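One-letter residues, chain by chain:
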Amino acid sequence: LCLMAAPGKVAAFRLPPLPTIGEIIKLFRLKALKQLSQNFLLDLRLTDKIVKQAGELKNAHVCEVGPGPGGITRSILSAGVEQLLLIEKDARFIPGLQMLSEAAPGKVRIVHGDILTYKMEKAFPKHLKKNWEDEPPNIHIIGNLPFSVSTPLIIKWLENVSKRDGPFIYGRTQMTLTFQKEVGERLTANPGSNQRSRLSIMAQHLCTVENCFVIPGQAFVPKPEVDVAVVHFTPLVQPKIQQPFELVEKVVQSVFQFRRKYCFRGIETLFPENGRLKRTEQLMMTANVDPTLRPFQLSMSQFRNLCNAYRKMCDEDPSLFVFNYREELRQKKMTRSLLESTGQPEQTEEEKQL
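Remember, it's a predicted structure, so these values are computed and weren't measured experimentally. (Residues numbered from 1 in each chain as written. Predicted model: local features only at pLDDT ≥ 70, side-chain atom pairs only at ≥ 80, totals over all residues. Heavy atoms only, no water.)

Chemist: In this structure, what is going on with the packing of aromatic side chains? I would like to understand it.
Modeler: Working definition: an aromatic ring pair is given by the centre-to-centre distance plus the angle between the planes. Going through the model one piece at a time under the given rule, you end up with 5 aromatic pairs. Arranged with centres 5.9 Å apart and planes meeting at 15 degrees, the rings of Phe 256 and Phe 303 form a pair that is stacked. Taken together, the positions of Phe 256 in the loop between α8 (245–255) and α9 (263–267) and Phe 303 in helix α11 (residues 300–316) put the pair 47 residues apart, joining distant regions of the chain. The class of Phe 256 is buried, set by a relative accessible area of 11%. An angle of 35 degrees between the planes, with centres 6.3 Å apart, marks the rings of Tyr 262 and Phe 264 as tilted. (Phe/Tyr/Trp six-rings, centres within 6.5 Å; stacked < 30°, edge-to-face > 60°. Helix = DSSP H or I, 4+ residues; strand = E, 2+ residues; numbered from the N terminus. Buried < 20%, exposed > 50% of the residue type's maximum accessible area, 1.4 Å probe, protein only.)

Chemist: Help me understand the pairing of strand β5 (residues 139–143) in this model?
Modeler: On any regular strand, side chains alternate: one points to one face of the sheet, the next to the other face. For β5, the buried fraction is high: 5 of the 5 residues fall into the buried class. Burial along β5 is two-sided: the face carrying Ile 139, Ile 141 and Gly 143 and the face carrying His 140 and Ile 142 are both buried. Relative to β5, strand β2 (residues 61–65) runs parallel, the two being bridged by 5 bridges. Bridging from a neighbouring strand, His 61 pairs with Ile 139 of β5. One ladder, built from 4 bridges, connects β5 with strand β6 (residues 174–180); its direction is parallel. Within β6, the position partnered with Ile 141 by the bridge is Met 175. The parallel pair β5 and β6 is bridged by helix α5 (residues 147–163), and the resulting crossover is right-handed. (Pairing = 2+ DSSP bridges. Right-handed = clockwise from strand over helix to strand, strands pointing away.)

Chemist: What am I meant to see in the pairing of β6 here?
Modeler: The buried count for β6 comes to 6 of 7 residues, which makes it a mostly enclosed element. Bridging between β6 and strand β9 (residues 228–235) involves 6 bridges; their strand directions are antiparallel. Bridged to Leu 177 within β9 is Val 231.

Chemist: So what exactly am I meant to see when it comes to the sheet that holds β6 here?
Modeler: Here we have 7 strands laid out as an open sheet, ordered β4-β3-β2-β5-β6-β9-β7, and mixed in their pairing. Looking along the sheet, the strands with just one partner apiece sit at the ends: β4 (108–112) and β7 (207–215). Averaged over all pairs of adjacent strands, the angle between strand axes in this sheet comes to 20 degrees, irrespective of strand direction. Across the face of the sheet, α5 comes into contact with β2, β5, β6, β7 and β9 while running at roughly 150 degrees to β6. (Axes fitted to C-alpha atoms, helices over the stretch in contact; angles between N-to-C directions. Contact = heavy atoms within 4.5 Å.)

Written out as structure tokens, the structure is:
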């Protein structure tokens, strides 16, 4: 299969004739493993379309996550990239990727490893680094992610954006990634939308997030039960909530803990039982947030106010930030079952004080 350049463009690089992706799958007896939630995309028009969402890739440095049999890899190489780093966890795909590497001499580097543990700080040449305030560097991350990895990976990378480390040590590196359609909708959901969630706030406060297009499930082999969204991320120069990642995540997670109830119900879980109501009221008043709004109705500025007000309370009482609501519930449950097993009734408040 010879990949042609787009009409009207001069092809700076063209892959030599190669077996089709389907032939590669047969040749190396590759089978998508359900336990790794693998789905192959064989239609090169669709892989070209995904790569196009990344923007101008001529002479760019690209990292592709989980290339599998190499469909998107071919489209990236045909876009005229300078260097392509492939990170593949599944050893079965390496021989097919090596065949692609030989077809594009000096352009491809293959790493057999896990993207969740791979040190992205050393993935690209130092001279590509840009200041955070500058235009994004000529570096892109592209990947058709297995569903089981996509959410933990994007949360990890959003934390890297917040701390400007990992792949963002080079500047505001752009990402073009696939997710289950529903996850793609959550990432881009606006206030009031039923899909508005923790992911919406964590992604949108750090990046411009664009839901590019949806690929029907039947385009994949084997066909997943859901459609797939292609989502593009560009880190913002200034995050919309200027607080540490862990603090924002804690507040947002707490708010969405009871997504169908009033938002104050989730906010209560930020505070120990002793003084919980008073502190919740104090936080909501300082942040000027209506306690009867549902979590998905809150705007980004309301989340910013909540995070800022919570930070102020944590500065005044450092024990607050390490408080864990679930741990408190677990301790209470253990105490109750211990008292029941020894036949002792639970102590009254007065007895506890004595």
